[in-house]
Amino acid sequence: MRFRHPDGSTVHLAYCTNVHPAETLDGVVAQLRDHCEPVRRRLGRDRLGIGLWLARDAARTLDTDPSALRALRAELDRHGLEVVTLNGFPYQGFGAQEVKYRVYKPDWADAERLEHTTALARILAGLLPDDVREGSVSTLPLAWRTAYDDTRAEQARAALRTLAERLDALQELTGRSIRVGLEPEPGCVVETTHDAIAPLTAIAHDRIGICVDTCHLATSFEDPHTALDALTAAGVPLVKSQLSAALHAEQPHLPDVREALAAFDEPRFLHQTRTLTAAGLRGTDDLGAALGGDALPDAAPWRAHFHVPLHAAPAAPLTSTLPVLKTALTRLVGGPRPLTRHLEVETYTWQALPPELRPRDRGRLADGIAAELALTRDLLTDLGLKELP
């Protein structure tokens, strides 16, 4: 979906296809038919933006076979879809029964991460619509915090510098500008937007910036205005923003609140949980660890890294951090010029919701995704953006 900002620029809105796991190119093509086009039709749109997630095997096929890339471009056109952004965070296995810590491998100290991200940039340059010259790729925030020493930190910095050089060369070759954004996430080396400033200013390249995920921002109790103002002041490029909402528990000491939270403690994904105390941010790597004892103080609200549907907050006594998303979106695109032009709804946890909240079939999943996009569309038009055909 495209929107005209009051300054005349175009803001793109997509939804991320990592909610439909597929490891191969055939699986990706099936997603377009079975999921993405039905969402587009529900919204009554001739064209819908999607943020593709391409696993390692699918990316390798597209990067090494020009005919496969042309065929995917044709499939996108046939289904009324367009791509300006890719989710390059998960490498493979995102649809496995247990993902947890595996999603952080390979990290930016591993050569595979550089090669995979370079491949994604080349693929995106070939998928961009004819009238679009800029694409974005989100990626993991360097590494998970453990086993990350000075040697691996230097390897990661070197890899990102090499990536920047490759992105420069790609623009010279194709005329398309592809930028890559580190996506801060709780528990990682770059957990917050503040943590991103030092490594990104050290690289100091306008093609390497940040992807602000509003669920992660909220989970770490970051104030959107403070965070975005600091990034802007530091000259960090805001490559894209993933629009998502975290799980919020106002009174985690109450038994009924803990019981409600326990329903979201599922085995597939990691749900880092945080609380803000007088001594600073405290947290656990997973929701179960927070619920299992006294690892996390419960005198103040808890937030868990669980991407809940934007349009449907959990039932009381829980809620979501949608207000944080709204505040961030106002700062991102509600000013005299947009801080980023790539927005991506990223609720990948539909099938990880408590059983009674999960969509029972493809149709209900498409209904939910369309409702999220409709809500986001209304937020954008309320900010003065105009929806384009």
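Residues numbered from 1 in each chain as written. Predicted model: local features only at pLDDT ≥ 70, side-chain atom pairs only at ≥ 80, totals over all residues. Heavy atoms only, no water.

Peer 1: Even after reading the chapter, I still don't get the overall build of the protein, so can you show me in this structure?
Peer 2: Along the protein, the regular secondary structure elements total 12 helices and 15 strands. For the protein, whose C-alpha radius of gyration is 20 Å, the value lies close to the compact-globule estimate of 21 Å for 389 residues. In terms of overall dimensions, the protein has C-alpha extents of about 55 × 50 × 45 Å along its principal axes. A total of 389 residues make up the protein; the buried ones form 60% of that total. Nonlocal contacts in the protein, meaning residues at least 24 apart in sequence, comprise 79% of its contacts between residues at least 6 apart. Carbon and sulfur atoms provide 50% of the accessible area of the protein, an area that totals close to 14900 Å². Distance between charge centres in the protein, computed from 43 positive and 53 negative side chains, equals 5 Å. (Helix = DSSP H or I, 4+ residues; strand = E, 2+ residues; numbered from the N terminus. Rg over C-alpha atoms; globule rule 2.2 N^0.38 Å. Buried < 20%, exposed > 50% of the residue type's maximum accessible area, 1.4 Å probe, protein only. Contact = heavy atoms within 4.5 Å. Areas by Shrake-Rupley, 256 points an atom, 1.4 Å probe, with all protein chains shown as cover. Lys, Arg positive; Asp, Glu negative; His and termini not counted. Charge placed at Lys NZ, Arg CZ, Asp CG, Glu CD.)

Peer 1: How should the pattern of salt bridges be read in this particular structure?
Peer 2: Here the structure, examined in full by the defined rule, presents 29 salt bridges. Close ionic contact of Arg207 with Asp168 constitutes a salt bridge, the shortest N to O distance being 2.6 Å. Here the residue Arg207 occupies a position in the loop between helix 6 (193-203) and strand 7 (208-213), and Asp168 occupies one in helix 5 (residues 150-174), the gap between them amounting to 39 residues. On the basis of relative accessible area, Arg207 is assigned to the buried category, the value being 10%. (Salt bridge = Lys/Arg side-chain N within 4 Å of Asp/Glu carboxyl O.)

Peer 1: Even after reading the chapter, I still don't get the nonpolar core, so can you show me in this structure?
Peer 2: As a rule of thumb, soluble globular proteins bury nonpolar side chains together. In terms of nonpolar packing, the biggest core is built from 120 residues, with Tyr15, Trp108 and Leu373 touching the most fellow members. The contact partners of Tyr15, leaving out residues within four places of it in the chain, are His20, His35, Cys36, Val39, Leu48, Gly49, Ile50, Gly51, Glu344, Val345, Ile369 and Leu373. (Core = buried A, V, L, I, M, F, W, Y, C linked by side-chain atoms within 4.5 Å.)

Peer 1: Teacher, can you tell me more about the environment of Ala159 here?
Peer 2: Structurally, Ala159 is set in helix 5. Ala159 gets classed as buried once you look at its relative accessible area, which sits at 10%. Residues Ala159 and Ala111, 48 residues apart in the sequence, show an inter-C-alpha distance of 7.7 Å. Leave out the neighbours within four places in its chain, and Ala159 touches Trp108 and Leu114.

Peer 1: Would you explain the state of the cysteines in this entry?
Peer 2: In a disulfide, the sulfur atoms of two cysteines are held together by a covalent bond. In this structure the tally under the stated criterion is 0 disulfides. Here Cys16 stays unpaired: no disulfide links it, and the sulfur of Cys211, its closest cysteine neighbor, is 9.5 Å away. Unpaired in terms of disulfides, Cys215 finds its nearest cysteine sulfur in Cys211, a separation of 12 Å. What makes Cys215 buried here is its relative accessible area of 0%. (Disulfide = S-S within 2.5 Å.)

Peer 1: Even after reading the chapter, I still don't get the packing of helix 3 (residues 66-78) against helix 4 (residues 111-127), so can you show me in this structure?
Peer 2: Geometrically, a packed helix pair is captured by the angle between its two axes and the distance between the axes. Two elements in contact, helix 3 and helix 4, have axes separated by 10 Å at closest approach and are oriented at 50°. On the basis of the axis angle, helix 3 is oblique to helix 4. Two packed elements cross with a definite hand, and for helix 3 against helix 4 that hand is right-handed. Each of Leu69, Leu72, Arg73 and Leu76 in helix 3 lies in contact with helix 4, whose residues at this interface are Ile123, Gly126 and Leu127. For the contact of helix 3 with helix 4, the per-class residue count stands at 5 nonpolar, 1 polar and 1 charged. (Axes fitted to C-alpha atoms, helices over the stretch in contact; angles between N-to-C directions. Parallel < 35°, antiparallel > 145°, perpendicular 65-115°, else oblique. Left-handed = near helix turned anticlockwise from the far one by under 90°. Nonpolar A, V, L, I, M, F, W, Y, C, P; charged D, E, K, R; others polar.)

Peer 1: What am I meant to see in unusual backbone geometry here?
Peer 2: Note: most peptide bonds trans; most residues except glycine with negative phi. Cis geometry marks the peptide bond from Lys105 to Pro106; its omega dihedral reads -10°. One can find Pro106 in the loop between strand 4 (81-87) and helix 4. Here Ala316 and Pro317 are connected by a cis peptide whose omega angle stands at 20°. Note that Pro317 resides in the loop between strand 12 (302-308) and strand 13 (318-320). At Ala204, a position not held by glycine, the phi torsion is positive, near 50°. For Ala204, the location among the structural elements is in the loop between helix 6 and strand 7. Ala204 gets classed as exposed once you look at its relative accessible area, which sits at 61%.

Peer 1: Just checking my understanding: could you explain the pairing of strand 3 (residues 48-53) for this structure?
Peer 2: Along strand 3, 6 of the 6 residues are buried, which leaves the element largely enclosed by surrounding structure. Residue alternation in strand 3 divides its side chains into two sets, Leu48, Ile50 and Leu52 and Gly49, Gly51 and Trp53, and both sets are buried. As defined by bridge partners, strand 3 adjoins strand 4 across 5 bridges and the pair is classed as parallel. Within strand 4, the residue paired with Trp53 across the bridge is Asn87. (Pairing = 2+ DSSP bridges.)

Peer 1: Sorry, what's going on with the environment of Ala260 here?
Peer 2: When you line up the elements, Ala260 lands in helix 9 (residues 255-262). Taking the C-alpha atoms as reference points, Ala260 and Ala315, 55 residues apart in sequence, are found 8.8 Å from one another. In this view, Ala260 contacts Pro317 and Leu318; residues no more than four positions away in its chain are not counted.

Peer 1: Whenever I open this one, the sheet that holds strand 11 (residues 280-284) confuses me. Can you help?
Peer 2: Within a sheet, each strand pairs with its neighbour through backbone hydrogen bonds, oriented either parallel or antiparallel. Reading across from one edge, 11-10-12-9-13 is the order of the 5 strands in this open sheet, with antiparallel pairing throughout. The open sheet terminates on both sides in strands that have one partner only, identified here as strand 11 and strand 13. Neighbour-to-neighbour, the strand axes of the sheet open up by a mean angle of 30°, direction not taken into account. Where strand 10 (residues 273-277) lies against strand 12, 3 bridges are found, and the strand directions are antiparallel. Across the sheet, Arg274 pairs through a bridge with Arg303, a residue of strand 12.

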